[in-house]
Amino acid sequence: MATRKRSGSGSKRHLKEKVVQIYESFFRGEDLTSDNPTFWDEFFLLKPKIPQLEAEIHKLTVEQLNNLKDNINLLVVQCIDMLGQEHHIRLVYALQTFSAILTTMYQRAGQDPSINIKFILLGTDNANSKMQKLLEHCSTVLAGDVPDSLKSMVIKLLLIIAIGIDNIDENPLVEYLMLHSLFEPLMQLLCTSTERQQHGYDVVMLLMFLVNYKKQESANPYVVKLSILDDELALNGYGQVITAALNDFVMSTFGGMQASGGGWLSSLTSMVGGIFLTSDETQPVVRGQRNMGGEEGMLLALYEASHLNRNFMTTLAHSSSAAASSAPPSPPATLPPHQTPPNLAQIQALDNEQPTNLLVTFFQYCSIVMADTRTESSINKCSLCFITLTCIVEEQFANSIMHDQNLTFKVQLYRLPMRHRKIVPEEPPSQPLASTLIDLLVEFMMCHLLKKFPGELYELCVGVLLRLLSYQKRCRVRLSRDWRPLWAALIALLKFLVTNESTLLRRHNIFTMAQQVVNIFNLFITFGDTFLPTPASYDQLYYELIRMHQVFDNLFYMALRYSTGDGEFKAEALRLANCLVNVRAIIQHFSPKIEVWLASQSLSTPTEDQILEVVRKNYDSLILKLQEGLEAYERYTERAHRPLLARLVRAASGAARLRADAAALRDHSAALLHHYTTIAERS
């Protein structure tokens, strides 16, 4: 075996391993097979040296890569052929080698778009048959009775293909995954707890990426099959993986928490105090994975299932106790280097007896994500949370579950510390999930009335609220809760819009948003008697409108000012002024009567109960305009949000590439070799 001397030294280099010498010869274009018909059988018995293999490919120029196309084609074909071998060592080493080639070629293509990865890897002849054979071998492994590490290596190989290019639509190899679908064997892995434990995270991520491949341009079989999937075991497995991943995110964000007398929830409240307490000009402090963007993939997976599959609504509400939950944590290989998997038992619920489900976990996750709207990445995730909530509240079954008075949960939502309030740890009430969702929306509305106003997020937030109230009005569901915090949040939003009118109009159409908010009040005024819990709640609504009359007066005058001019917002301002008719009628009807009563009683500062008594006695003479269609809304369509979803898929792809390191493949390879060696010794 040849040795080389160090430059300027008489000492000898370490002997090169045979496989490294083969790599060097191979990528010089030498023919290694003509004199050795068993070359490939021998080659795949040699342990791959991945860093050296990757280095050899990186050395090549684009011209050299194109000139070596035939050699690389041959290597790829041999790797694929070996996946059908019964010889276990060759199978493992072929997987490892092919994964390294794909990873490196995608890296080269990312650096130089002129590289035709499909041409270099597969050539021009029989490319489809080569990929068909590869995917057939993958399907056999995924569905077969083989070690988990082998299935993991195959799934990671498929993931390497799916995430190779930021824009998945431009990935030439993903097209073959459309032609030869692996949906069924992948979903089957989610049906049993042991396989879900091992492979669930990667399987759900892979499915999410494949669903997003040219989903609007062609018949994507993964979109079709996910939309009609009705296998309860598979759907529950899919949901449990997402639940565990979102819980992982919470633990990694506020990591280091240990079980204490106050439990996880009080630890969460105490640890995050001040995390987001910053001015508009500063960025919030981040911890753990908060700035890594690693959870977009699971968020997208939840969105796709909620958007495409009505049967998934059952999974959202599938309850289990924390102690009995079979939701798997993300495999260690999917976590960042040197980070141990968190203890999910700490975050499943208030205690081991507290039931939980995916909706509970999602609401808790949303409360943390929605606290931060200062970066583009956090705004994107927050938008996706609201879009997913929109899909959920449009579904009749999900609404019926969330409003079921017999199905209550104690859900601890994260509340953003602010200067005017101190967060006091307290046990949350046991209430229907619809009430928890309203609390979540109120918290968002109250916490982001900032100079950098996230108007698009507020529009989504108000849209979720409208859909929830429309269901209550339509089905005459009376949700037992205190509605005043919601009304206060809506009024605070209107006051903010009026106060910052000139600044906000440069970037937002505040008249449309204000009209949406006023119409929610109109829904309460016109139909509140059908869904508010008690007559006293209806009285409190009128009290809040009268008490905060100045906000509505200022809003009306602002709308009047713009509607009488010739500006671009004239039509929207006129509609806003018109929709305030009932609110102004209430204020103008009751205010004089309250003043007369105060004068008769010689009072200047009446109590709330005294005002409410005046309101109750003067309903009969109040004349309101009947308004129809207040609960109407346009059902969600994906078209308007495609750019957002594309950005999130790219972010998820980038984060997945960071985690898809060679070390994970080596670990699986070592585990497999140990497994097969042990079997051989026993036999």
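Residues numbered from 1 in each chain as written. Predicted model: local features only at pLDDT ≥ 70, side-chain atom pairs only at ≥ 80, totals over all residues. Heavy atoms only, no water.

Applying the stated criterion to the full structure yields 27 salt bridges. A salt bridge links Lys156 to Asp202, with the nearest nitrogen and oxygen atoms 2.8 Å apart. Here the residue Lys156 occupies a position in helix α9 (residues 148–162), and Asp202 occupies one in helix α12 (residues 193–211), the gap between them amounting to 46 residues. According to the relative accessible area criterion, Lys156 is buried, its value standing at 13%. A salt bridge links Arg616 to Asp539, with the nearest nitrogen and oxygen atoms 2.8 Å apart. Here Asp539 lies in helix α26 (residues 535–547) and Arg616 lies in helix α30 (residues 608–617), a separation of 77 residues in the sequence. For Asp539, a relative accessible area of 6% gives the class buried. Ionic contacts of the salt-bridge type, sharing partners, join the residues Lys215, Glu304 and Glu638 into one network. (Salt bridge = Lys/Arg side-chain N within 4 Å of Asp/Glu carboxyl O. Helix = DSSP H or I, 4+ residues; strand = E, 2+ residues; numbered from the N terminus. Buried < 20%, exposed > 50% of the residue type's maximum accessible area, 1.4 Å probe, protein only.)

A full pass over the atoms with the stated rule returns 27 aromatic pairs. Centroid distance Tyr303 to Tyr636: 6.3 Å. Interplanar angle 85°. Geometry classified as edge-to-face. With a gap of 333 residues between them, Tyr303 in helix α16 (residues 296–308) and Tyr636 in the loop between α30 and α31 (642–659) connect regions that are remote in the sequence. This pair shows no difference in class: Tyr303 is buried, exactly as Tyr636 is. A connected cluster of aromatic rings, assembled from ring pairs, spans Tyr23, Phe26, Phe27, Phe39, Trp40, Phe43 and Phe44. Above the plane of the ring of Phe527 lies Lys473, whose end atom (NZ or CZ) is 4.4 Å from the centre. (Phe/Tyr/Trp six-rings, centres within 6.5 Å; stacked < 30°, edge-to-face > 60°. Lys NZ or Arg CZ within 6 Å of the ring centre and 35° of its normal.)

Attention now moves to unusual backbone geometry. For Lys214, which is not glycine, the phi torsion reads 45° and is therefore positive. When you line up the elements, Lys214 lands in the loop between α12 and α13 (221–228). Even without a glycine there, the phi angle at Arg476 is positive, about 55°. For Arg476, the position within the fold is in the loop between α22 (455–475) and α23 (484–499).

If you trace the backbone, Glu395 turns up in the loop between α19 (376–393) and α20 (396–402). Take Glu395: its relative accessible area is 10%, and that puts it in the buried class. At a separation of 3.0 Å, a polar atom in the side chain of Glu395 contacts the side chain of Arg310. In this view, Glu395 contacts Arg310, Met313 and Arg635; residues no more than four positions away in its chain are not counted. (Polar contact = N/O pair within 3.5 Å; in protein donor to acceptor, adjacent residues only side chain to side chain. Contact = heavy atoms within 4.5 Å.)

The subject of this paragraph is the packing of helix α25 (residues 510–531) against helix α28 (residues 570–579). Two packed helices can be described by the angle between their axes and the distance between those axes. Look at α25 against α28: their axes get within 9 Å of each other, and the N-to-C directions meet at 15°. Looking at the two axes, α25 sits roughly parallel to α28. In terms of crossing hand, the pair formed by α25 and α28 is left-handed. Only Glu572, Ala573, Arg575, Leu576 and Cys579 of α28 make contact with α25, whose side of the interface consists of Phe511, Thr512, Ala514, Gln515, Val518, Asn519 and Asn522. Per-class residue counts for the contact of α25 with α28 are six nonpolar, four polar and two charged. (Axes fitted to C-alpha atoms, helices over the stretch in contact; angles between N-to-C directions. Parallel < 35°, antiparallel > 145°, perpendicular 65-115°, else oblique. Left-handed = near helix turned anticlockwise from the far one by under 90°. Nonpolar A, V, L, I, M, F, W, Y, C, P; charged D, E, K, R; others polar.)

Next up on the list: the layout of surface pockets. Quantified by volume, the largest pocket comes out at close to 1,100 Å³. Lining the largest pocket are 40 residues, and of these Glu456, Glu459, Leu460, Gln516 and His641 lie nearest its centre. Among the secondary structure elements, those contributing two or more residues to the lining of the largest pocket are α19, α22, α25 and α31. Tallying contributions element by element places α22 first for the lining of the largest pocket, with nine residues. Grouping the amino acids of the lining of the largest pocket by side-chain chemistry returns 17 nonpolar, 13 polar and ten charged. (1 Å grid on protein atoms, 1.4 Å probe; cavity = no way out; pocket = protein on both sides within 12 Å on 5 of 7 lines; lining within 4 Å. Points joined across faces, edges and corners; volume = space filled by probe spheres on them.)

Right, let's talk about the nonpolar core for a bit. The biggest cluster of nonpolar side chains holds 219 residues, and the ones touching the most others in it are Phe209, Phe362 and Phe386. Of all the elements, α25 adds the most residues to this core, at 13 residues. The residues touching Phe386, leaving out its near neighbours within four places in the chain, are Met370, Leu441, Phe444, Leu457, Leu460, Cys461 and Val464. (Core = buried A, V, L, I, M, F, W, Y, C linked by side-chain atoms within 4.5 Å.)

Residues spaced three or four apart along an α-helix face the same direction, because each turn holds 3.6 residues. For α22, spanning 21 residues, the distance from its first C-alpha to its last is 30 Å, which sits close to the expected 30 Å at 1.5 Å a residue. Remark: Arg476 follows α22 within two positions and exhibits a positive phi of approximately 55°. (Expected span 1.5 Å × (residues − 1).)

Relative to the elements of secondary structure, Asn309 occurs in the loop between α16 and α17 (312–316). Judged by its relative accessible area of 0%, Asn309 falls in the buried class. Engagement of the side chain of Asn309 in a polar contact is seen with the backbone nitrogen of Asn311, the distance being 2.7 Å. Look past the residues within four positions of Asn309 in its chain and what remains in contact with it is Leu226, Ser227, Ile228, Leu229, Leu235 and Glu304.

The next point concerns the confidence of the model for the protein. Across the protein, the average pLDDT comes to 83, with 81% of residues at or above 70. Taken as a whole, residues 254–293 scores under 50 in pLDDT and shows 81 contacts with residues more than four places along the chain or in a different chain. Ignoring residues within four places in sequence, the model shows residues 321–353, a span with pLDDT below 50, making 72 contacts including any to other chains. (pLDDT = per-residue confidence, 0-100.)

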